[in-house]
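Here are the chains, one letter per residue:
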Amino acid sequence: MEDLRSFNLEELSSIVEEFGEKKFRAKQLYEWIHKKRVATFEEMTNISKGLKEKLMANYFFAPLKPLQVLTSKIDGTQKYLFRLYDGNVIEAVLMKYKYGNSVCISTQVGCRMGCRFCASTIDGRTRNLTPGEMLAEVYTIEHITKERVSHIVLMGAGEPMDNFDYVVRFLDMITNDQGMNLSGRNITVSTCGLVPKIKELADLKLQVTLAISLHASNDETRKELMPIANKYSIAQVLEACDYYFQTTGRRISFEYSLVKDVNDTKEGAKELASLLKGRNCHVNLIPVNPIEEKDFKQPTWDNIYRFKEVLEKHHINVTIRREMGRDINGSCGQLRKNYLEEGGQETFDK
Ligand code: SAH
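Starting from 1, residues in each chain are numbered consecutively following that chain's sequence as written. The predicted nature of this model means local features are confined to residues of pLDDT at least 70 and side-chain atom pairs, given and counted, to a pLDDT of 80 or more, with totals for whole chains, interfaces and linings taken over all residues. Derived side-chain values reflect all non-hydrogen atoms in the structure, with water molecules and hydrogen atoms excluded from consideration.

## As for the domain arrangement of the chain
Thinking step 1. Taken as a whole, the chain is organised into domain 1 (2-60) and domain 2 (65-349).
Thinking step 2. Source of the domain bounds: an automatic or database domain assignment. With centres defined by C-alpha atoms, the gap from domain 1 to domain 2 works out at 33 Å.
Thinking step 3. Contacts were defined at the residue level, with two residues in contact if any of their heavy atoms lie within 4.5 Å. Counting from both sides, the interface comprises 15 residues of domain 1 and, opposite them, 17 residues of domain 2.
Thinking step 4. The working definition used for a salt bridge is a side-chain nitrogen of Lys or Arg within 4 Å of a carboxyl oxygen of Asp or Glu. Put simply, domain 1 and domain 2 have two salt bridges between them.
Thinking step 5. For Arg169, the salt bridge identified is with Glu11, shortest N-O distance 2.6 Å.
Thinking step 6. N or O atoms closer than or at 3.5 Å make up a polar contact, with two conditions inside protein: a donor-capable atom paired with an acceptor-capable one, and, for residues adjacent in sequence, both atoms drawn from side chains. Between the two partners, domain 1 and domain 2, sit six residue pairs in polar contact (both at pLDDT 80 or more).
Thinking step 7. Per-element accounting of the side of domain 1 that touches domain 2 gives the leading share, five residues, to helix α2 (residues 24-34).
Thinking step 8. Just so you know the grouping, Ala, Val, Leu, Ile, Met, Phe, Trp, Tyr, Cys and Pro go in nonpolar, Asp, Glu, Lys and Arg go in charged, and all remaining residues, Gly too, go in polar. Considered class by class, the residues forming the side of domain 1 that touches domain 2 number five nonpolar, three polar and seven charged. Only runs of H or I of at least four residues qualify as helices and only runs of E of at least two qualify as strands under DSSP, and these elements are numbered from the N terminus.

Structural data, given as C-alpha cells:
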C-alpha cells in the first residue's frame, strides 16, 4: 500500500476522480493531510464515508514512531530516532536558533556515497525515503514540540541527489501554499556533489540553497575522503555550482569538515581560497566529528582559526559551524547506529 502523504495535489486529484468523486475533494484531502496534519481518515469531517472507505482500502498513512528523543541541556537541540512503518530506523535533529527552528532531516535509510568520516554510510543504503516520510519527519517534530519549524536542511543521513525525484517532490510539497507553505529560501539541500543532478536541480529554479560538501581543496585529498571525487572532479563540481548560481541567483554554501593532518593545512586554506575566488559563496567550516569506526581527528582550535583567517584574508565569507547539542552526541548517524547495534527492535507490524 502507498502512503497517502506522498501524493501531490495533482495526483490526489486523479485518485479521487478515479473513485468517481469531484476534483475539489482532492484539495480538501490535501489540506487535511498537509495543513491540518491529521493521520486518520476519521478526523476528515467534510469527506464522505464512501470516499474514505475507498481510500482506506487502497492507501494508508505510514506511521513514523518516535523511539528516542534526546534534548540538549546546553542549547535545546533535540535528536530524534524514528521507526518507519517497515521497521527501518532514521534520525532527524531539531535546532533552535534566534531566527527560528531548523529541522535537519534524513533523505535515505543509510547512504551509499561512502564518505570516510561519516557514520551513516558504513552499512550502505537500505532504501530511499518517500516524500511522505520526509514530510512526516517535519510534521512529527512540529506535533511533538508544538513549535513551528521555519527552516529545513537536508543534511541528515542520505544523499538527497541520489533520491532526486522524491526529494524534489518533497520540496514541492513542503513549499506548497495548500500545505506547510515554507519558503524555498528557508530550505538547504546538501550534496556530496552529483554533478548532473545539481544541474537538473538548478533547472527547476526552486530557490532552495545548495550546500556542497567539498571537504578538500584538491582532487587528490578529496579522493582520500570521498569516493564521489573519483567520479567528478572539483572543477566539474564548481562548474555545476556556477550554473546553479547563474540559473537561480542563489549563493552557494560550501561545507568543509576539517580533519587533522588531512585537509587543515595553511596551504590547503590558500588553495581553497584560490579555488573559490570571485565566486559568490559562503564556506562553513565544520571541525570533524570523530566517529568510533574511523580514526579521523579534529584539528586543534589554533589550526581551525588559522584556516579561517587565511580564507578571510582572501575575502571569502567563512564561518565555523557551532556545534549543537554537544551533550547529546551521537554525531551524524551515530544515534541510529548505536540503537541498531544494541539490538533495537527491527520489525514493526503495520
Ligand atoms: N549526503 C549529503 C548530506 C548529508 S551529510 C552531503 O554529503 O552533503 C551532511 C554533512 O555532514 C556533509 O557535509 C557531510 O560531509 C558532513 N559529515 C558527515 N559526517 C561527518 C562527521 N563525522 N563530521 C563532520 N561532518 C560530517
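## Observations regarding the packing of helix α9 (residues 266-276) against helix α10 (residues 301-313)
Thinking step 1. Axis definition: a line fit to C-alpha positions, over the contact stretch in the case of helices; interaxial angles, taken between N-to-C directions, run 0 to 180 degrees. Two elements in contact, α9 and α10, have axes separated by 9 Å at closest approach and are oriented at 30 degrees. Classified by the interaxial angle, the pair formed by α9 and α10 is roughly parallel. You can see that α9 and α10 cross each other, and the crossing is right-handed. Here α9 contributes Lys266, Gly268, Ala269, Lys270, Leu272 and Ala273 to the contact with α10, which in turn contributes Arg306, Phe307, Val310 and Leu311.
Thinking step 2. A breakdown of the residues in the contact of α9 with α10 according to their chemical character gives six nonpolar, one polar and three charged. Every angle not falling under 35 degrees, over 145, or within 65 to 115 is termed oblique; those three ranges are roughly parallel, roughly antiparallel and roughly perpendicular. Note on convention: near helix rotated counterclockwise from far helix by under a right angle means a left-handed crossing. Clockwise means right-handed.

## A short note on unusual backbone geometry
Thinking step 1. For Arg37, which is not glycine, the phi dihedral falls at a positive 60 degrees.
Thinking step 2. For Arg37, the location among the structural elements is in the loop between α2 and α3 (49-58).
Thinking step 3. In this structure, Gln207 is a non-glycine residue whose phi angle is positive, near 75 degrees.

## A short note on the site of the ligand
Thinking step 1. As a structural note, the neighbourhood of the ligand is formed by 17 residues, with Gly158, Ser190, Ser213, His215 and Asn289 the closest of them.
Thinking step 2. One nitrogen or oxygen atom from the main chain of Cys192 is found 3.4 Å from an oxygen atom belonging to the ligand.
Thinking step 3. Residue exposure ignores everything except the shown protein chains as possible cover, and the areas themselves are Shrake-Rupley values with a 1.4 Å probe. The protein chains hide 94% of the 530 Å² of surface that the ligand would expose on its own.
Thinking step 4. Mapped by element, the contributors of at least two residues to the shell around the ligand are β10 (187-191) and β12 (252-258). One heavy atom suffices: a residue is near a molecule or strand as soon as one of its heavy atoms comes within 4 Å of it.

## Focus: the pattern of salt bridges
Thinking step 1. Enumeration over the complete set of coordinates arrives at 16 salt bridges.
Thinking step 2. Between Lys297 and Asp295 there is a salt bridge, with the nearest N and O atoms lying 3.1 Å from each other.
Thinking step 3. Here Glu312 ties to Lys308 by a salt bridge, and the two come within 3.1 Å at their closest N and O atoms. Residue Glu312 and its partner Lys308 are both found in helix α10; the two are separated by four residues, about one turn of the helix.
Thinking step 4. Type-normalised accessible area, obtained with a 1.4 Å probe on protein chains alone, sets the label of each residue: buried when under 20%, exposed when over 50%, and partly exposed for intermediate values. According to the relative accessible area criterion, Glu312 is partly exposed, its value standing at 37%.
Thinking step 5. Salt bridges here are not isolated pairs; linked through shared partners, they connect Asp86, Arg127 and Glu133.

## Details of the packing of aromatic side chains
Aromatic ring pairs: the centre-centre distance and the angle between the two ring planes describe each pair.
Thinking step 1. For this analysis, a ring pair means two rings from Phe, Tyr or Trp (six-membered ring only for Trp) whose centres lie within 6.5 Å, classed as stacked if their planes differ by under 30 degrees, edge-to-face if by over 60, and tilted for the remaining angles. A full pass over the atoms with the stated rule returns seven aromatic pairs.
Thinking step 2. Relative to Tyr59, the ring of Phe7 lies with its centre 5.4 Å away and its plane at 85 degrees, an arrangement referred to as edge-to-face. One end of the pair, Phe7, is in the loop between β1 (2-3) and α1 (9-18); the other, Tyr59, is in strand β2 (residues 59-60), and 52 residues separate them in sequence. Per residue, the accessibility class of Phe7 equals that of Tyr59, and both read buried.
Thinking step 3. Considering the side-chain rings of Phe41 and Phe61, the 5.2 Å spacing of their centres and the 45 degrees angle between planes classify their relative orientation as tilted. One end of the pair, Phe41, is in the loop between α2 and α3; the other, Phe61, is in the loop between β2 and β3 (65-71), and 20 residues separate them in sequence.
Thinking step 4. Stacked on the ring of Tyr139, the Lys or Arg Arg37 has its end atom at 4.1 Å from the ring centre.
Thinking step 5. Geometrically, a lysine NZ or arginine CZ counts as sitting over a ring once it is within 6 Å of the ring centre and also within 35 degrees of the ring normal. A cation over an aromatic ring shows up here: Lys197 above the ring of Phe164, its NZ or CZ 4.9 Å from the ring centre.

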